[in-house]
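# Architecture and fold: a report
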Amino acid sequence: MKPAPSKLALPAARAGSAPMPSQLRLRDTPLVLPAILLLVDLLVLECAFLSAYWVRFLSGWFAVPKGVPDLRIYLLGSLGVLVAYVGILYMHGMYDLRRRQGLADDLSGIVRSTLEALVVLAAAAFFYREVSFSRTFLVGFCACSATFLL
């Protein structure tokens, strides 16, 4: 006589794969996916920042009458820019997975966040006179960031 299967038993694993413990499933941990999105967004925004720096100052497509600014100053400024941008994305609900309804909703949130980030960054560049950030760079960064985030 064969024993009755237990309701708590895991289903049999396919050949070559082990069953995944329930503690490691992404859907069981509500903060894992937003945290991954946040980290990927930080990486994407830094890539957009560096791309905008390259296009504005190193590509040769634009005149650089005042010379190429020190990359270290821009990288230091990127820390504040990334925090502000991610904060704006958060305020627009881009990390709330229950609110998001599809690509159109994502596009709308990214465009609104990018425009708001442009205004905040332009105001910060205007009031912070220690270092002069190029306005063309700021517009290029926002264009790159919106494109890269999509």
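Presented here is an overview of the structure given in this document. All residue numbers refer to positions counted from 1 along the written sequence of the respective chain. Since the coordinates come from a predicted model, pLDDT governs what is reported: local features require at least 70, and pairs of side-chain atoms require 80 or more to be given and counted, while whole-chain, interface and lining totals use all residues. Computation of side-chain values covers all heavy atoms of the structure but excludes hydrogens and water.

### Some remarks on the side chain of Ser145
Secondary structure follows DSSP: runs of H or I at least 4 residues long count as helices, runs of E at least 2 residues long count as strands, and numbering of each begins at the N terminus. Within the secondary structure, Ser145 is located in helix H4 (residues 135–149). Aside from chain neighbours lying at most four places away, what touches Ser145 is Leu45, Ala48, Tyr85 and Thr114. Throughout, a residue-residue contact means that at least one pair of heavy atoms, one from each residue, lies within 4.5 Å.

### Some thoughts on the pattern of salt bridges
Side-chain pairing between opposite charges can occur once the charged atoms of the two side chains come close. What counts as a salt bridge is simple: a side-chain nitrogen of Lys or Arg found within 4 Å of a carboxyl oxygen of Asp or Glu. Counted under the stated rule, the structure contains one salt bridge. The residue Asp70 makes a salt bridge to Arg72 at a minimum N-O spacing of 3.2 Å. For every residue, the accessible area obtained with a 1.4 Å probe (protein chains only) is divided by the maximum for its type, and the residue is called buried under 20%, exposed over 50%, and partly exposed between those limits. For Asp70, a relative accessible area of 33% gives the class partly exposed. Its relative accessible area of 63% is what places Arg72 among the exposed residues.

### A look at the layout of surface pockets
Within this scheme a cavity is a closed region of a 1 Å grid, computed over the protein atoms alone, that accommodates a 1.4 Å probe without allowing it to escape, whereas a pocket is open but has protein on both sides within 12 Å along at least five of seven lines; lining residues each have an atom within 4 Å of a point. Grid points are joined across faces, edges and corners, and a volume is the space filled by probe spheres set on the points. Here the largest pocket is characterised by a volume of approximately 540 Å³. In terms of lining residues, the largest pocket is bounded by 23 residues, among which Lys66, Ser132, Phe133, Ser134 and Arg135 are the most central. Sorting the residues of the lining of the largest pocket by element identifies helix H1 (32–58), helix H3 (103–127) and H4 as the ones contributing at least two each. For the lining of the largest pocket, the class distribution of residues is 15 nonpolar, four polar and four charged. In this classification, the charged set is Asp, Glu, Lys and Arg, the nonpolar set is Ala, Val, Leu, Ile, Met, Phe, Trp, Tyr, Cys and Pro, and all remaining amino acids, among them Gly, are polar.

### Here's the deal with the nonpolar core
What we call a nonpolar core is a set of buried Ala, Val, Leu, Ile, Met, Phe, Trp, Tyr and Cys residues that are connected through their side-chain atoms within 4.5 Å. In terms of nonpolar packing, the biggest core is built from 28 residues, with Tyr74, Tyr85, Phe137, Phe141 and Leu149 touching the most fellow members. When residues of this core are traced back to their parent elements, those giving at least two are H1, helix H2 (71–91), H3 and H4.

### Here we look at H2
For a helix, the expected span equals 1.5 Å multiplied by the number of residues minus one. The end-to-end C-alpha distance of H2, which contains 21 residues, comes to 30 Å, matching closely the 30 Å that a straight helix rising 1.5 Å per residue would cover. For H2, the principal kink sits at Ser78 and spans about 25°. Positive backbone phi, at 75°, marks Gly93, one or two positions downstream of H2. Here the bend at a residue is taken as the angle between two axes, fitted respectively to the seven residues that end there and the seven that start there.

### Some thoughts on a nonpolar patch on the surface
On the surface, Trp54, Leu58, Trp61, Phe62 and Val68 cluster together into a nonpolar patch covering about 560 Å² of accessible area. Considering the arrangement of structural elements, one finds Phe62 in the loop between H1 and H2. With relative accessibility at 39%, the residue Phe62 sits in the partly exposed group. Patch construction takes residues with relative accessible area above 30% that form no salt bridge. Like charges are linked within 9 Å, and nonpolar side chains (Val, Leu, Ile, Met, Phe, Trp, Tyr) are linked within 5 Å. Exposure was quantified through the Shrake-Rupley algorithm and a 1.4 Å probe, taking into account, for residues, occlusion by the shown protein chains and nothing else.

### Structural notes on the packing of H2 against H3
To obtain an axis, a line is fitted to C-alpha atoms, over the contacting stretch when the element is a helix, and the angle between two such axes runs from 0 to 180 degrees between their N-to-C directions. The geometry of H2 relative to H3 is characterised by a closest axis approach of 9 Å and an angle of 140° between their N-to-C directions. Here H3 runs oblique to H2, going by the angle between their axes. Considering the relative orientation of H2 and H3, their crossing is right-handed. Note on element contacts: H3 touches H2 through Ser113, Thr114, Glu116, Ala117, Val120 and Leu121, opposite Val81, Tyr85, Ile88, Leu89 and Met91. Residue composition of the contact of H2 with H3, by class: eight nonpolar, two polar and one charged. Angle categories are assigned with fixed cut-offs, so that under 35 degrees is roughly parallel, over 145 is roughly antiparallel, 65 to 115 is roughly perpendicular, and the rest are oblique. For any helix crossing, the convention is left-handed if the near helix is rotated counterclockwise from the far helix by under a right angle, and right-handed if that rotation is clockwise.

### Some details on the environment of Ser134
Take Ser134: it is sitting in the loop between H3 and H4. In sequence terms Ser134 and Tyr53 are 81 residues apart; their C-alpha atoms lie 9.6 Å from each other. In contact with Ser134, other than residues within four places in its own chain, are Arg56, Phe57 and Tyr74.

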